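Take a look at the letters that make up each chain.
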Amino acid sequence: MQTDFSELLQLVENYQPMKDWGFTLSAKHEGDPESWLVYTSQWCKIKIYHRKDFHQQMREDSLHIYYGRIHALDDSSTMEHEGQMYFCWFSPNNLDYSFLDGKSPEEAFKSRFDTPQFLSDLFARARESENKVPRLPGESQLRFQKAIWDQYGLRFFELLDIRRPDLWDSYISFLKEYAKLEFAKEEQKRKENEERLEKMYSERKIKIYRPPSNVTKTPEIPLYNRI
C-alpha cells in the first residue's frame with residue numbers, strides 16, 4: 001500500500017463517507033513517516049492512522065483505524081486521569097463484538113476464537129472480489145470498519161458516548177470480568193507448565209533457575225484501562 005496524504009483523504013471519502021454518519025474532519029497531521037486524520041461526531045472520535053514503512057528497501061505502508069471518546073487526545077494513544085494512565089484510543093475486536101451482542105464475559109471467553117458471522121461473510125466476499133478486481137490501497141481496512149458500522153449501527157458509537165456513562169461502565173465491568181477469566185486460564189497453564197518442568201528436571205536432576213524475588217517488571221496498562 002502506498003498512499004500520500006491527499007490520497008488518504010480521498011480514500012476515506014470514497015470508501016467510508018464520514019458525513020453520512022455524522023462525522024466531520026476535526027484534526028489532521030501530515031508527516032513522515034506518520035500521518036493521521038481525526039473525525040469527530042456527537043458520539044465519539046475516529047482516528048485514521050497512516051504510516052510509511054520500509055522493509056528490505058521496499059515501501060510497505062499501513063493503515064489503522066482507532067476509536068476514542070470525545071475527550072481522547074488527538075496526538076496520543078494514552079492519557080492520565082487521577083494519577084493513572086489510560087488508553088484513550090482502541091481498535092474493536094471480538095471481545096467488543098461480544099459485548100455489543102449481549103454475551104456474558106463467560107460466553108465471550110468460550111467463543112474468543114470464533115469469528116463473528118458478519119465478518120466471515122465480509123471475508124468471503126473479499127476473497128471472491130480479489131479474484132476479479134485488484135484491491136485498492138487501504139480498501140480492506142475501510143470495508144472492515146464499514147461492516148462493523150452496518151452490523152451495529154449507532155449502538156457502537158453510543159457505547160463511546162460520554163453522555164451514556166451507564167453503557168461505558170457496563171462495558172468496563174465486562175472487560176474486567178473477562179480479564180479475570182483470561183488471567184485464571186493463564187495461571188492454570190503456567191502452573192501446568194511448571195509442574196511438567198519440575199517433573200522433567202527432577203528426573204534429570206537439573207536445578208531450575210528462578211529469578212530473585214526482588215526483580216520487578218515495568219507495569220503495563222491493563223487493556224480494560226480505557227477512558
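In this text the structure is predicted, and so the values were computed from the model without any measurement. Along each chain, residues carry numbers from 1 onward, in the same order as the chain's sequence is written. Confidence filtering applies because this is a predicted model: local features only for residues at pLDDT of at least 70, side-chain atom pairs given and counted only at 80 or more, and all residues used for totals across whole chains, interfaces and linings. As a rule here, side-chain values come from all non-hydrogen atoms in the structure, and water together with hydrogens is ignored.

## A short note on the overall build of the protein
(1) Moving on: In DSSP terms, a helix is any run of H or I states spanning at least four residues, a strand is any run of E spanning at least two, and both are numbered starting from the N terminus. Secondary structure summary: the protein contains 7 helices and 8 strands in total.
(2) Moving on: Buried positions account for 33% of the 227 residues belonging to the protein.
(3) Moving on: Note on contacts: a residue pair qualifies if any of its non-hydrogen atoms lie within 4.5 Å across the two residues. Considering only intrachain contacts with a sequence separation of at least 6, the fraction spanning at least 24 residues in the protein is 57%.
(4) Moving on: Roughly 14800 Å² of accessible area belongs to the protein as shown, and the carbon and sulfur atoms make up 50% of that amount. Note on classification: 1.4 Å probe, protein chains only; a residue is buried when its accessible area is under 20% of the maximum for its type, exposed when over 50%, partly exposed between these limits. All accessibility values rest on the Shrake-Rupley procedure with a 1.4 Å probe; residue burial counts only the protein chains present in the view.

## A short note on the environment of Asp-121
(1) Moving on: Along the polypeptide, Asp-121 turns up in helix α4 (residues 117-130).
(2) Moving on: The partly exposed category is assigned to Asp-121, whose relative accessible area is 35%.
(3) Moving on: Taking the C-alpha atoms as reference points, Asp-121 and Ala-147, 26 residues apart in sequence, are found 9.6 Å from one another.

## Topic: the nonpolar core
(1) Moving on: The term nonpolar core refers to a set of buried residues drawn from Ala, Val, Leu, Ile, Met, Phe, Trp, Tyr and Cys, joined through side-chain atoms within 4.5 Å. Ranked by internal contacts, the top residues of the largest apolar core, which has 41 residues, are Ile-48, Tyr-67 and Trp-149.
(2) Moving on: In this structure Trp-149 touches Gln-16, Met-18, Trp-21, Phe-23, Ile-46, Tyr-67, Phe-156 and Phe-157, once residues within four positions along its chain are discounted.
(3) Moving on: Core analysis: the next-biggest nonpolar cluster, separate from the first, contains 10 residues, Trp-36, Met-79, Cys-88 and Trp-89 among them.

## Focus on helix α5 (residues 139-152)
(1) Moving on: For α5, with 14 residues, the first-to-last C-alpha span of 20 Å sits near the 20 Å given by 1.5 Å per residue.
(2) Moving on: When we look at burial in α5, the residues that qualify are Glu-139, Leu-142, Phe-144, Gln-145, Ala-147, Ile-148, Trp-149 and Tyr-152.
(3) Moving on: Of the residues flanking the end of α5, it is Gly-153, one or two places downstream, whose phi is positive at about 60°. The length a helix should cover is 1.5 Å for every residue beyond the first.

## Some thoughts on the side chain of Gln-16
(1) Moving on: Relative to the helices and strands, Gln-16 is located in the loop between α1 (5-15) and β1 (24-30).
(2) Moving on: When neighbours within four sequence positions are excluded, Gln-16 is seen to be in contact with Leu-11, Leu-142, Gln-145, Lys-146 and Trp-149.

## A short note on the confidence of the model for the protein
Interpretation of this model should avoid reading the predicted coordinates in detail wherever pLDDT is low.
(1) Moving on: This prediction gives the protein a mean pLDDT of 84; 83% of its residues lie at or above 70.
(2) Moving on: Confidence scores labelled pLDDT are given residue by residue by the predictor and lie between 0 and 100. Mean pLDDT across the elements of the protein bottoms out in strand β5 (residues 58-59) (60) and peaks in helix α3 (residues 105-110) (95).

## Here we look at the pairing of β1
(1) Moving on: In this scheme, strands are said to pair when DSSP sees at least two bridges between them. Here 6 bridges tie β1 to strand β2 (residues 34-40), and the two strands are oriented antiparallel to one another. By the bridge assignment, Ala-27 is partnered in β2 with Val-38.
(2) Moving on: Taken together, β1 and the strand that follows it, β2, pair antiparallel across an intervening segment of 3 residues.

## A few points about the sheet that holds strand β6 (residues 62-68)
Sheets are built from strands paired through backbone hydrogen bonds, the pairs being either parallel or antiparallel.
(1) Moving on: Read across the open sheet, the 4 strands follow the order β1-β2-β3-β6; overall the sheet is antiparallel. Strands with a single pairing partner mark the edges of an open sheet, and in this sheet they are β1 and β6. For this sheet, the mean inter-axis angle between neighbouring strands, taken without regard to orientation, is 15°.
(2) Moving on: Pairing of β2 with strand β3 (residues 45-51), which is carried by 7 bridges, proceeds in the antiparallel orientation. Pairing of Val-38 across the sheet is with Lys-47, part of β3.
(3) Moving on: To define axes, lines are fitted to C-alpha atoms, for helices over the stretch in contact only, and angles between the resulting N-to-C directions are given on a 0 to 180 degree scale. Here α5 sits on the sheet in contact with β3 and β6, set at roughly 30° to β6.

## Some thoughts on the pattern of salt bridges
(1) Moving on: Salt bridges are identified by distance alone: a Lys or Arg side-chain nitrogen within 4 Å of an Asp or Glu carboxyl oxygen. Here the structure, examined in full by the defined rule, presents 10 salt bridges.
(2) Moving on: For Asp-74, the salt bridge is made with Lys-45, and the minimal N-O distance between the two is 3.0 Å. Residue Asp-74 is found in the loop between β6 and β7 (78-81), and its partner Lys-45 is found in strand β3; the two are separated by 29 residues along the sequence.
(3) Moving on: Residue Arg-190 is joined to Glu-187 by a salt bridge in which the shortest nitrogen-to-oxygen separation is 2.9 Å. Taken as a pair, Arg-190 and Glu-187 lie in helix α7 (residues 165-204) at a separation of 3 residues, close to a single helical turn.
(4) Moving on: Each of Glu-187, Arg-190 and Glu-194 takes part in a single network of salt bridges with overlapping partners.

## A look at the side chain of Asp-96
(1) Moving on: Examined against the element boundaries, Asp-96 turns out to sit in helix α2 (residues 94-100).
(2) Moving on: Under the relative-accessibility criterion, Asp-96 is labelled buried at 2%.

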